[in-house]
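# Remarks on the overall topology
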Amino acid sequence: MEFMSKRDRLILTAVSQAGPAGVELTSLFTSLSPFLTRESVMKGVEELLLKDLIKINNLGQGEIRYVASKQVRDAMINLDIAKLRVVEYIKELNAKKDEILKIQDKNQQVEELKKVVSEGLLTISSGILSLLNSMPELTIPEYIEAIQPLAEILEKLYKVVEKPYTKEETEAIIKIIEKYRGEKDSKLLKEILEKAQSPQK
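Figured I'd write up the structure that's included with this text. Note that the structure is predicted; figures quoted are calculated from it, not measured. Sequence positions are assigned chain by chain, starting from 1 and proceeding in written order. Selection of residues for local features in this predicted model requires a pLDDT of at least 70, selection of side-chain atom pairs for listing and counting requires 80 or more, and totals for whole chains, interfaces and linings are taken over all residues. To get the side-chain values, take all heavy atoms of the structure and skip hydrogens and water.

### Brief notes about the pattern of salt bridges
We count it as follows: Note on definitions: salt bridges are taken to be side-chain nitrogens of Lys or Arg within 4 Å of carboxyl oxygens of Asp or Glu. For each residue, the accessible area found with a 1.4 Å probe, counting protein chains only, is set against the maximum for its type, and the residue is called buried under 20%, exposed over 50%, and partly exposed in between.
Under the counting rule described, the total for this entry stands at 16 salt bridges. Its salt-bridge partner being Arg-7, residue Asp-8 comes within 2.9 Å of it at the nearest N-O pair. Like Arg-7, Asp-8 is buried. Linked through salt bridges whose partners overlap, the residues forming this network are Lys-6, Arg-9, Glu-142 and Glu-145.

This is the structure:
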């Protein structure tokens, strides 16, 4: 699967947000002017028309509107729902943050943090899965861009609660490193891991 270009995603988003009534070309130029030139918008619209992702609605008397296909608009509905779930999770995360920090027992604090992180990862992954059947070439890159700040926060939190690799996982990782980086780097990684896991004197 090949993701759509940022230009095409911007155009489809702008046109689909106008709903079934569509949008005039001058309004489209105005809304996209901070991101795209008029020439780029025109070229993109022409290509999307050929792909049947945008349709022309001629209302007569020179009024022409561009309308996103139903497939595109349905995909954008699913995208917005996935984003909404992320927003709701962020609200919950903000509400729980102070409560977790107040917990005196460190083990309990880590357990509560694990629950919050797991819920966040589940929210993100379920969002991606829900978009796999909704024009993923359009919706998934848009979704990933939208959740980037949250993903960075969860990555930092995950490092706090991450379980250590099992012996089998460590051996598998070393083999992967050896496959792509060579024996020298894999041996170096093995030594580093052995030192990190050995008891400190």
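Additional details are given in the paragraphs that follow.
### Side note on the side chain of Ser-134
Heads up, the condition is: What counts as a helix is a DSSP run of H or I of at least four residues, what counts as a strand is a run of E of at least two, and both are numbered from the N terminus. Two residues form a contact once any of their heavy atoms are found within 4.5 Å.
Note on placement: Ser-134 falls in the loop between helix 5 (106-131) and helix 6 (136-161). Classification of Ser-134 by relative accessible area gives buried; the value is 10%. In contact with Ser-134, not counting residues within four places along its chain, are Ala-75, Asn-78 and Thr-139.

### Some words on the layout of surface pockets
Which entries qualify depends on this criterion: Cavities and pockets are found on a 1 Å grid laid over the protein atoms alone: a cavity is a set of points where a 1.4 Å probe fits but cannot escape, a pocket is an open set with protein on both sides within 12 Å along at least five of seven lines, and a lining residue has an atom within 4 Å of such a point. Grid points are joined across faces, edges and corners, and a volume is the space filled by probe spheres set on the points. The residue classification treats Ala, Val, Leu, Ile, Met, Phe, Trp, Tyr, Cys and Pro as nonpolar and Asp, Glu, Lys and Arg as charged. All others, Gly included, are polar.
In this structure, the largest pocket spans a volume of roughly 270 Å³. In terms of lining residues, the largest pocket is bounded by Ile-90, Leu-93, Asn-94, Lys-97, Ile-100, Leu-101, Gln-109, Val-110, Leu-113, Leu-150, Ile-153 and Leu-157. Top element by residues in the lining of the largest pocket is helix 4 (residues 70-102). It accounts for six residues. Across the lining of the largest pocket, the residue classes break down as nine nonpolar, two polar and one charged. The computed volume of the second largest pocket comes to approximately 160 Å³. Taken together, Thr-13, Ser-16, Gln-17, Arg-73, Met-76, Ile-77, Leu-79, Asp-80 and Lys-83 make up the lining of the second largest pocket. Broken down by element, the residue count for the lining of the second largest pocket peaks at six residues, all from helix 4. The class makeup of the residues in the lining of the second largest pocket is three nonpolar, three polar and three charged.

### A short note on unusual backbone geometry
The phi torsion at Asp-52 lies on the positive side, around 65 degrees, for a residue other than glycine. Mapping Asp-52 onto the fold places it in the loop between helix 3 (38-50) and strand 1 (54-60). Residue Asp-52 is classed as partly exposed on the basis of its relative accessible area, which comes to 45%.

### Examining the environment of Ser-186
By the element assignment, Ser-186 lies in helix 8 (residues 183-197). C-alpha separation for the pair Ser-186 and Arg-73, spaced 113 residues apart in sequence, amounts to 49 Å. For Ser-186, the residues in contact, after removing those within four places along its chain, are Ile-174, Ile-177 and Glu-178.

### Some details on the environment of Asp-185
Along the polypeptide, Asp-185 turns up in helix 8. Residue Asp-185 is classed as partly exposed on the basis of its relative accessible area, which comes to 24%. C-alpha of Asp-185 to C-alpha of Ile-174: the two residues are 11 residues apart in sequence and 9.0 Å apart in space.

### Looking at the packing of helix 1 (residues 6-17) against helix 2 (residues 25-32)
To be explicit about the condition: Helix axes are fitted only over the stretch in contact, all axes being lines through C-alpha atoms; the angle between N-to-C directions runs from 0 to 180 degrees. Roughly parallel here means an angle under 35 degrees, roughly antiparallel means over 145, roughly perpendicular means 65 to 115, and every remaining angle is called oblique. Note: crossing handedness is left-handed where the near helix turns anticlockwise from the far helix by less than a right angle, and right-handed where it turns clockwise.
Across the interface, helix 1 lies against helix 2 with an axial gap of 10 Å and an inter-helix angle of 125 degrees. Regarding the angle of helix 1 to helix 2, the classification is oblique. Two packed elements cross with a definite hand, and for helix 1 against helix 2 that hand is right-handed. Residues Leu-10, Ile-11, Ala-14 and Val-15 of helix 1 form the contact with helix 2, whose participating residues are Leu-28, Ser-31 and Leu-32. Split by residue class, the contact of helix 1 with helix 2 holds six nonpolar, one polar and no charged.

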